[in-house]
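# Observations on the model geometry
Residue-level listing of the chains:
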Amino acid sequence: QVQLVESGGGLVQPGGSLRLSCAASGSIFRFNVIGWYRQAPGKQRELVAIIVRGGVTTYADSVKGRFTISRDNAKNNVFLQMNSLKPEDTAVYYCNAEEIDYSGSYQYYWGQGTQVTVSS
């Protein structure tokens, strides 16, 4: 069973930075895509940043130039460096991974989430 465990959330002032980590149980090479989503109160969950197996990254327009997704293949970790944080970045951030199982079906996994609050 795949487990994704997020850490690194917290309270930060506008303009500050945080680095989120997602630790996967097992090799992250098994995943076609791994990345971060977020959900603010009263809003739908939305994509923040993802990285595919080949290394190509995709970002939401709202975070381009401020957030950077990266991975440490040796330690099976994925990171989200968040700079120049804004109050509208406040949300629960979730790690997500997609893989194709032995039967050819897509499987999706979610972490438990970590709260990020941007406030003065």
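For the structure itself, look to the data block above.
These notes cover the structure that comes with them. Every chain is numbered on its own, with residues counted from 1 as its sequence reads. Predicted model: local features are reported for residues with pLDDT of at least 70 only, side-chain atom pairs are reported and counted for 80 or more only, and whole-chain, interface and lining totals are derived from all residues. Excluding hydrogens and water, the side-chain figures rest on all heavy atoms present in the structure.

Strand order in the open sheet formed by 4 strands is 1-3-8-7, and the pairing between neighbours is antiparallel. The two strands at the open ends of the sheet, each matched to only one other strand, are strand 1 (4–7) and strand 7 (67–72). In this sheet, adjacent strand axes meet at a mean angle of 15° when their direction is disregarded. Only strands joined by at least two bridges in the DSSP assignment are considered to pair. Secondary structure elements are taken from DSSP: a helix is a run of H or I of four residues or more, a strand is a run of E of two residues or more, and numbering for both begins at the N terminus. Sheet topology places strand 7 next to strand 8 (residues 77–82); 6 bridges connect them, and they run antiparallel. Residue pairing across strands places Ser70 opposite Phe79, the latter belonging to strand 8. Axis definition: a line fitted to C-alpha atoms, limited for helices to the stretch in contact. Angles are taken between N-to-C directions and run from 0 to 180 degrees.

The disulfide definition used here is simple: a pair of cysteine sulfur atoms within 2.5 Å. What the rule picks out here adds up to 1 disulfide. Two residues share a disulfide in this structure: Cys22 and Cys95, whose sulfurs sit 2.1 Å from each other. Here Cys22 and Cys95 share a disulfide; its torsion about the S-S bond, -80°, makes the bridge left-handed. Linking Cys22 in strand 3 (residues 18–24) with Cys95 in strand 9 (residues 91–100), this pair joins segments that are 73 residues apart in sequence. Residue Cys22 is classed as buried on the basis of its relative accessible area of 1%. Only protein chains enter the area calculation, which uses a 1.4 Å probe; residues under 20% of their type maximum are buried, those over 50% are exposed, and those in between are partly exposed.

On to the pattern of salt bridges. Oppositely charged side chains may form a pair once their charged atoms are brought near each other. By definition here, a salt bridge exists when the distance from a side-chain nitrogen of Lys or Arg to a carboxyl oxygen of Asp or Glu is within 4 Å. This model, assessed by the stated rule, comprises 5 salt bridges. Between Arg30 and Glu99 there is a salt bridge, with its nearest N and O atoms 2.9 Å apart. Residue Arg30 is located in the loop between strand 3 and strand 4 (33–39), and its partner Glu99 is located in strand 9; the two are separated by 69 residues in the primary sequence. Overall, Arg30 belongs to the partly exposed group, its relative accessible area being 35%.

Take a nonpolar patch on the surface next. The patches described consist of residues with a relative accessible area above 30% and no salt bridge, like charges being joined within 9 Å and nonpolar side chains (Val, Leu, Ile, Met, Phe, Trp, Tyr) within 5 Å. Residue-level accessible areas treat just the shown protein chains as cover; the underlying method is Shrake-Rupley with a 1.4 Å probe. Residues Ile100, Tyr106, Tyr108 and Trp110 make up a contiguous nonpolar surface patch of roughly 440 Å² in combined accessible area. It is strand 10 (residues 106–110) that contributes the most residues to the nonpolar patch, 3 residues altogether. Take Tyr108: it is sitting in strand 10.

Okay, the side chain of Glu99 next. Overall, the relative accessible area of 7% leaves Glu99 in the buried class. Pairing of N or O atoms within 3.5 Å defines a polar contact, subject to two protein rules: one partner must be a possible hydrogen donor and the other a possible acceptor, and residues neighboring in sequence count only if both atoms are side-chain atoms. At a separation of 2.9 Å, a polar atom in the side chain of Glu99 contacts the side chain of Arg30. Contact partners of Glu99, with chain neighbours within four places excluded, come to Val2, Arg30, Phe31, Asn32, Ser105, Tyr106, Gln107 and Tyr109. For this analysis, residues touch if any pair of their heavy atoms sits within 4.5 Å.

A separate point is the environment of Ser17. Within the element layout of this structure, Ser17 appears in the loop between strand 2 (10–12) and strand 3. As for Ser17 and Lys86, which are separated by 69 residues in sequence, their C-alpha atoms are 9.8 Å apart. Once residues lying within four places of it in the same chain are set aside, the contact partners of Ser17 are Val12, Gln81, Met82, Asn83, Ser84 and Leu85. A distance of 2.9 Å separates polar atoms of two side chains, one belonging to Ser17 and the other to Asn83.

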